[in-house]
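Analysis of the macromolecular model
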Amino acid sequence: MELERIALPPRGPRELPLALLELGCAGRFELLSGAPGDAEGPEHRSTLPRGLPPGAPPPRGELERRFLGTPEGLPIHRHQRAPRSWLRTPDPRALFALEPTPVGGGLRAERDPRTGALLGFSEELLPAAGLSPSSSPSLLRPPGPPGPTVRGGTSSVPFWPGGQDEPTLQQLRAPRDEEEEEEEDLNFETELLTTPPGMKRGVQFQPPAAGGGPLSLSRLLETLDTFDLGEGEAEEPGGGPGQVGGSPRPPPARGGGPDPPAPLPHRSDSLEELLTQEEGKTPPEPPPEPPEEVWAELIDANAPVEGFERLLPEPAHRWPFRPDPFQQWAALCLEKGHSVLVAAHTSAGKTAVAEYAIALARRHMTRSIYTSPIKALSNQKFRDFRETFGDVGLLTGDVQLRPEAACLVMTTEILRSMLYNGSDAIRDLEWVIFDEVHYVNDDERGVVWEEVLILLPEHVKLVLLSATVPNALEFAQWVGRTKRRCVRVISTPRRPVPLEHFLFTGNSSRTRHQLFQLLGPGGAFSTQGYYAAVEAKKEQSSKHAQSFGARQPTLGGPNPGQERGVWLSLLETLRERELLPAVTFTFSRGRCEEQAAALGSLELLDGPERARVRQFLTRCLARLRGSDRRLPQVLQLSELLQRGIGVHHGGVLPLLKEIVEMLFSQGLVKVLFATETFAMGVNMPARTVVFDSIRKHDGNSFRDLLPGEYTQMSGRAGRRGLDATGTVIILCKGPVPELADLHRMMLGRPSPLQSRFRLTYPMILLLLRAPALRPHDLMRRSFAEFPLRRDATAQTRRVAALREALAALGDPEGTAGDTGGDTGDTGGDTGDLPQYHQAVVALRRARAVLQRCLAQPGGQRVLAPGRVVVVCTARHRNALGLVLQVSSGGSGRTFTTLVLSEKPPEDGGAPPEPPPDVPYPEDLLLTRLFLPEGPPGHCLEQLRPEDIVGVTAKTLRVNPEILLQELRPPRGPRPRSPPPGGGLGGVLQELSRLSGGATPVPLLEAFGVPPGRDPAAVAAAAELRGLSAALRGFGCVHSPRFARQYAQFAARQELLEQLEELQFQLSDQSLLLLPEYHQRLEVLSELGYVSGGTVALGGRVAALLSTEQLVLTELLLSNALSPLRPEESAALLSCLVTPGRGDPLPEGLPPALAQALERLRAVAARVARLEQQRGLGPGPDEFVAQFGFSLVQVVYEWARGMPFAEIARRAPVQEGTVVRAMQRLEELLRELRHAARLVGDPALGAKMEAAAAMIKRDIVFAASLYTQ
């Protein structure tokens, strides 16, 4: 039976059997369904049958009612409730729970080496007992907590630097010699106690005073007697066999026979003969110079290694190519565990050496660190090494990828932080590779390389990769001396791809496709090509002048249309000659973009290449939000890249720069307009390099490129394995550069590596908190101190030799030591000999200052031809001379002078030697002049200013030209004894008359040269007058033995001065930066960061910060950041990471932020005044002007969520500059977060973390493409 289906009308929504179930008080509902046949649906239900609970009143009203409305409820009005206490159960046994004392020793089992049987146990001390990361720099200390093992902890001290003797535990516990109490300086001559306690008198240590007075004949005859006759075979008291008077005899001769008898001393009864013999005794010769230390070895890397495969049958790393000779030598040195310095041209293959060091560490199961100067290069090397080795990590300021990897790539600043914080990752470290080590020349960051090289522990070996520098061996010697290990220097001037250098003059019909060669692959400079370019430029300029008349500028810069024509002609030439891709270096960000935009619709890519670029851009830009993809810079650069044109400079967004670099490495960017940072950073070789100009602005003025800069940028030309030669082109849009400038730039010597070491507050604070490490150690071992301390070991040996020479010389006879006093000399009173020697030295020093004035224009007027002067040289002693001619040369001013002398012997022998230089007052004051014993002779001398000791008031009327003709040897046969001419004879007679006159020759005061405004010359003239008046009052000059005693005393004083100078050079007092260190230490003490040699809380905070440590610490400790919101804090701190140009404070800021900016300026001015009072830094106005306020409003809006498109429109700088400032600001906020936690302010730390999270978003912090 079939059922008939009846169609019923649909039921409405209210007729369905459904109901609602209300869940709790959160407003959530669930749907309930009834039975299918129910006519009525189920009832609505609720889990709260009594309805919602009553709502709590707002806490603000309750607080106002309780505390503001009824103040009686406050504890101050109810003192009964004020005292409160919490009872606890006493547990005295808890006081007995102590940490176990570290075990200081252990037991070592002793076994038989043959059988292994146990022989016993011996107790030994454990060297690492009681050590901790916060107190010991030893590698034996236990590791720190597992958290901060990679970057280290702020409470850990650095490991002991290599090359220094590690201190013992007693030395670590000893107080610092500069902050703690110093060792008492005791004077053993005047401060010794002579009377023991309980006694009335003691021992007198001073020798009895010898009797002075006039010379006694009996005392003089006593000195002529001889007591030792040389026969003494008899024993003396205190002597053994073969000894006389207790002195050991010299060893016998080799012949074995008896010693020959010593000759008897000659007995003399003549006082003059005795004095002459004693005066003839010369002081001992100074000790010879010790040999120089050698800490670097230069390896000839021009020839390949013979049998390289045999020497390295199983290398740690196999390259996909045959290594060059310098790479082979480097691999051999690395296998032997030697540190190396590799200096080679750009793109020569230095990275292959780094790869071998990394592979060697992997084989040894140790770690390696690769450091680079910039973050972009670190990202690129991370990608390359990850593809090669796999186990690679990356550490930069804001990125940390795989920190546990065996190979870590990081910036040099990160490695410095790890060393200062005592990172445990240093324990397993074997190799550190420093890429672009010539960055040590950087003014701002060069100090980082020196700090790291000094602080690395002893077990770490170095690989230094540098461009070609002239003093690579000197730098390696410094590194070797610092680390106490020999560094192998491998330097090669060879380029893997030779370069050709050309000039391109313009877009004329004849030269639009013509390149004028300047330098060939062999390195020969072509002047022919240069002059051809000059002629072509002149012809082009003349044609333009004929066409445009007076409106055409003469050899000036081209207008935009002409410049575009030059670029189009050049690119057409490069395409025809297959010289693309090309990198164009332009030293201006704005000109880079203008030149790229001026190329218009030039297409350099074909269809498939354009599709690859479009696909790559789509994939890379997909990670950006919609508004960021439509940024003007993104759209403009995307359009240029699809035509094969790229732009790369600091103002480009980091993500876009990486896109340009990757497309360029794939050959999809044919022309790249870049600044010099492209050559200093990433390694992207091209076929051709073009210089838009050879002049740049270095921050102070415009100048030509230095040879090192030109070599670095031109080295990007030539791709190894693809190009036979690289091409370098210099555009001549204006006049052709000078030939000398081009020659110096292309073939000149690169800038040598120079120290940029400087003291910073974090450096001082971090070293002060480390035991046994001092800032003095870092200063002494810096590259700046290396020229002065490279021979420290030899100088130490020379100090010992000088002390031995002083001991052999003995005390000066007749003086009380060397400080004066009563004399025991038998020939007269010489007690004032030390004072006389000081006066003589001071007189000669003052005279030398005035002698230098003779080389000035005033001295030339005084020493005109005909002037009579007093000459003192090695051949002449106070001899009169006549100036005949004054000449100037490269070595200075010289005076051709006729000097009075002894007449040569008739037999043609040597002229008599001048008398010994004994500084009697008559000789020093020039009142006793040289007078020939017989007929006067003459010499024609070329004198320098220091040879003239006096200028007389006498001038002779002579004809200098006639005298010079008489004095010059005539041509032809020379007579044996030519008689002097009449003029010459008269001059000699007049000079003899002046020398032997009864009255001294009058001298001009101060050499007749007015001192003018020279304070040194004025002081020297006054000192010379005072010493001249006091010189005759000394009594030592009347002693018959004055000459011998003065020579002995002067020799001793000279040795003492040398010893004092060497001791000063070896001490910390000679450090170049020691005065600045004390000044900075005074500033830190004044601010309370350092107290008694201990780093206080403020100093620990300042040590955590990387910029403007004093200003930030003062703001932090004064709670200046507490009232601000996170976005206001970020805006305030942005002025510390933005360079200032005297910008005024922005308007329209929140009141709290405006007040904080004023407070920051006040704190900065106070810090600047404090530094200025200590002789540091600029004044307050200049210091405050360093802070940039141009991005305060931009950062404030960005932290509040404004899109970057609007930020880019408002910012006064380019997008890349804004991003770089934001990234530095985020690092600063993270540092302040750690500082706030150190201070104990968690609320401020949370605020800094929130501020960092607000600005860390979107395109500003887009992840690097190299890390994906």
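The preceding data block contains the structure.
My aim in this report is to walk through the structure given alongside it, one point at a time.

Basis of the calculations
Residues numbered from 1 in each chain as written. Predicted model: local features only at pLDDT ≥ 70, side-chain atom pairs only at ≥ 80, totals over all residues. Heavy atoms only, no water. Helix = DSSP H or I, 4+ residues; strand = E, 2+ residues; numbered from the N terminus. Buried < 20%, exposed > 50% of the residue type's maximum accessible area, 1.4 Å probe, protein only. Polar contact = N/O pair within 3.5 Å; in protein donor to acceptor, adjacent residues only side chain to side chain. Contact = heavy atoms within 4.5 Å. Phe/Tyr/Trp six-rings, centres within 6.5 Å; stacked < 30°, edge-to-face > 60°. Pairing = 2+ DSSP bridges. Axes fitted to C-alpha atoms, helices over the stretch in contact; angles between N-to-C directions. Core = buried A, V, L, I, M, F, W, Y, C linked by side-chain atoms within 4.5 Å. Patch = residues over 30% accessible without salt bridge, like charges linked within 9 Å, V, L, I, M, F, W, Y side chains within 5 Å. Areas by Shrake-Rupley, 256 points an atom, 1.4 Å probe, with all protein chains shown as cover. Salt bridge = Lys/Arg side-chain N within 4 Å of Asp/Glu carboxyl O. Lys, Arg positive; Asp, Glu negative; His and termini not counted. Charge placed at Lys NZ, Arg CZ, Asp CG, Glu CD. Parallel < 35°, antiparallel > 145°, perpendicular 65-115°, else oblique. Left-handed = near helix turned anticlockwise from the far one by under 90°. Nonpolar A, V, L, I, M, F, W, Y, C, P; charged D, E, K, R; others polar. Disulfide = S-S within 2.5 Å.

What follows is about the side chain of histidine 649. Here histidine 649 is to be found in the loop between strand S18 (645–648) and helix H18 (654–665). For histidine 649, a relative accessible area of 1% puts it in the buried group. In terms of polar contacts, histidine 649 uses its side chain to reach the backbone amide nitrogen of glycine 651, at 2.9 Å. Aside from chain neighbours lying at most four places away, what touches histidine 649 is Arg589, Cys592, Glu593, Lys657, Thr675 and Gln1214.

On to the packing of aromatic side chains, then. All chains considered together, the criterion is met by 21 aromatic pairs. Residues phenylalanine 475 and tryptophan 478 carry aromatic rings whose centres are separated by 5.4 Å and whose planes lie at 50 degrees to one another, so their mutual orientation is tilted. Taken together, the residues span about one helical turn, with phenylalanine 475 and tryptophan 478 both in helix H11 (residues 472–483) at a distance of three residues. Accessibility assignment for this pair places phenylalanine 475 and tryptophan 478 in one class, buried. Members of the aromatic cluster, joined through ring pairs, are Tyr836, Tyr920, Phe1034, Phe1042 and Tyr1046.

Bringing the sheet that holds strand S15 (residues 499–504) into the picture now. Sheets are built from strands that pair by backbone hydrogen bonding, the pairs being arranged parallel or antiparallel. Sheet architecture is open: seven strands sit in the order S16-S15-S23-S20-S17-S19-S18, paired in mixed fashion. Looking at strand neighbours, the two that pair on one side only are strand S16 (516–519) and S18, the edges of this open sheet. Taken pair by pair, the neighbouring strands of this sheet meet at an average axis angle of 25 degrees, ignoring direction. Pairing geometry for S15 and S16, over three bridges, is antiparallel. Residue pairing in the sheet places phenylalanine 502 in a bridge with glutamine 517 of S16.

Attention shifts here to the nonpolar core. Within the largest apolar cluster, 215 residues are counted, with the highest numbers of intra-cluster contacts made by Phe434, Phe475, Leu503, Ile659 and Phe1204. Apart from the residues within four sequence positions on either side, phenylalanine 475 is in contact with Leu341, Val437, Val440, Leu453, Leu464, Leu753 and Phe783. By size, the runner-up hydrophobic cluster in this structure holds 63 residues, among which are Val849, Leu880, Leu988 and Phe1049.

Together, Glu1054, Glu1057, Glu1060 and Glu1061 line one region of the surface with negative charge. Classification of glutamate 1054 by relative accessible area gives partly exposed; the value is 46%.

This paragraph deals with the pattern of salt bridges. Counted under the stated rule, the structure contains 53 salt bridges. Its salt-bridge partner being arginine 488, residue glutamate 297 comes within 3.4 Å of it at the nearest N-O pair. Remark: arginine 488 occurs in strand S14 (residues 487–491) and glutamate 297 occurs in strand S6 (residues 296–300); sequence separation between them is 191 residues. Given a relative accessible area of 37%, glutamate 297 falls into the partly exposed group. Linked through salt bridges whose partners overlap, the residues forming this network are Glu676, Lys696, Arg703 and Glu709.

A cluster of basic residues, Arg589, Arg1141, Arg1220 and Arg1224, forms a positive patch on the protein surface. One can find arginine 1141 in the loop between helix H36 (1126–1133) and helix H37 (1151–1173).

Below, the discussion takes up the packing of helix H35 (residues 1109–1117) against H37. As a packed pair, H35 and H37 sit with axes 9 Å apart at the nearest point and diverge in direction by 130 degrees. Put simply, H35 runs oblique to H37. Between H35 and H37 the crossing geometry is right-handed. Touching Leu1110, Val1111, Glu1114 and Leu1115 of H35 are Leu1160, Val1163, Ala1164, Arg1166, Val1167 and Glu1171, all from H37. In the contact of H35 with H37, the residues fall into seven nonpolar, no polar and three charged.

To continue, consider the pairing of strand S9 (residues 392–395). In summary, the side chains of a regular strand alternate between the two faces of the sheet. Because side chains alternate across S9, one face comprises the buried residues Val392 and Leu394, and the other comprises Gly393 and Leu395, equally buried. In this structure, S9 lies alongside strand S11 (residues 407–411), joined through four bridges in parallel fashion. In the strand pairing of S11, valine 392 is matched with cysteine 407. As paired strands, S9 and strand S10 (residues 400–401) are joined by two bridges and run antiparallel to one another. Within S10, the position partnered with leucine 395 by the bridge is glutamine 400. Two successive antiparallel strands, S9 and S10, enclose a turn made up of four residues.

With that settled, consider the state of the cysteines. Here a disulfide denotes a covalent bond joining the sulfur atom of one cysteine to the sulfur atom of another. The full count for this structure, using the stated rule, is zero disulfides. The closest cysteine sulfur to the non-disulfide-bonded cysteine 333 is located on cysteine 486, 9.5 Å from its own sulfur.

The subject of this paragraph is the sheet that holds strand S8 (residues 367–372). Strand order across the open sheet formed by nine strands is S6-S14-S7-S13-S12-S8-S11-S9-S10, with mixed pairing between neighbours. Strands with a single pairing partner mark the edges of an open sheet, and in this sheet they are S6 and S10. Bridge count between S8 and S11: five bridges; the pairing is parallel. Its bridge partner being in S11, isoleucine 369 is matched across the sheet by leucine 408. In this fold helix H6 (residues 325–335) packs onto S6, strand S7 (339–343), strand S12 (429–434), strand S13 (461–466) and S14, with an angle of close to 170 degrees to the strand it touches most, S14. The strands that helix H9 (residues 412–420) touches are S8, S9, S11 and S12; relative to S11, the one it contacts most, it runs at about 105 degrees.

Leucine 580 connects to proline 581 through a cis peptide bond whose omega is 5 degrees. As for its position among the elements, proline 581 is in the loop between helix H13 (560–576) and strand S17 (582–585). You will see that alanine 1006, though not glycine, has its phi angle at about 55 degrees, which is positive. Within the secondary structure, alanine 1006 sits in the loop between helix H30 (982–995) and helix H31 (1015–1030).

This part takes up H6. Within H6, eight of the eleven residues are buried, which leaves it mostly tucked inside the rest of the structure. Among all positions of H6, only Phe326, Gln327, Gln328, Ala330, Ala331, Leu332, Cys333 and Leu334 are buried. Positive backbone phi, at 80 degrees, marks glycine 337, one or two positions downstream of H6.

This paragraph deals with a nonpolar patch on the surface. A surface patch of nonpolar side chains, amounting to about 470 Å² of accessible area, comprises Leu16, Leu18, Leu20, Phe29 and Leu31. Counting only elements with at least two residues in the nonpolar patch, the list comes to strand S1 (18–23) and strand S2 (28–33). Inspection of the secondary structure assignment puts leucine 18 in strand S1. A relative accessible area of 37% places leucine 18 in the partly exposed class.

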